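Breakdown of the fold
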Amino acid sequence: MATDAPPPSQEQHRLPSTEEFAEVQQSAEFGELRRSFRSFAFPLTIAFVAWYLLYVLLSNYAGDFMGTKLFGNINVALVLGLGQFVTTFLIAWWYSRHAAAKLDPKAEAIKTRMEGGA
């Protein structure tokens, strides 16, 4: 059975010391990586939780509104409920793109330097 994955690297990486981890954690480069992550993740998390709580509150306290038929047997509650799934997948896709473009290159540079590759 053949696979498309390359064989594991035989190259040995040096393990950084505790002091080196602490030094990197205090570096401006690591701070920028953290800021880049937080500036993306925190606002989206807050927005999604607010959107979810709005859906729950509307379901509990606005039954007439949520029961409003839009077309056929499709009502507002069903559309908003399916919107929760769509939103979840969109956020995951958006985060994947953000991580690949902004976070992964910075993290890889830090990792390579700590393992003695640069």
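- Going by an unreviewed UniProt entry, the protein chain carries the name Membrane protein and comes from Streptomyces cyaneogriseus subsp. noncyanogenus.

Some words on the overall build of the protein chain
- Within the protein chain one finds four helices and two strands.
- Relative to its full complement of 118 residues, the protein chain shows a buried share of 19%.
- Restricting the contact set of the protein chain to residue pairs at least 6 apart, pairs at least 24 apart contribute 63%.
- Of the roughly 9,200 Å² of accessible surface on the protein chain, a fraction of 65% belongs to carbon and sulfur atoms.

Considering the UniProt feature "transmembrane region" (unreviewed entry) in the protein chain
- As recorded in UniProt, the sites labelled "transmembrane region" (unreviewed entry) are residues 40-58 and 70-95.
- Helix makes up 77% of residues 70-95 and strand 15%, with an end-to-end C-alpha separation of 32 Å.

Some remarks on the environment of F65
- Mapped onto the elements of the fold, F65 is located in helix α3 (residues 63-66).
- The class for F65 is partly exposed, based on a relative accessible area of 43%.
- For the pair F65 and A77, spaced 12 residues apart in sequence, the C-alpha separation works out to 8.3 Å.
- Setting aside residues no more than four positions away along its own chain, F65 makes contact with L58 and V76.

Scoring rules and cut-offs
- Residues numbered from 1 in each chain as written.
- Predicted model: local features only at pLDDT ≥ 70, side-chain atom pairs only at ≥ 80, totals over all residues.
- Heavy atoms only, no water.
- Helix = DSSP H or I, 4+ residues; strand = E, 2+ residues; numbered from the N terminus.
- Buried < 20%, exposed > 50% of the residue type's maximum accessible area, 1.4 Å probe, protein only.
- Contact = heavy atoms within 4.5 Å.
- Areas by Shrake-Rupley, 256 points an atom, 1.4 Å probe, with all protein chains shown as cover.
- UniProt positions renumbered as here; feature names shortened; annotations may be inferred.

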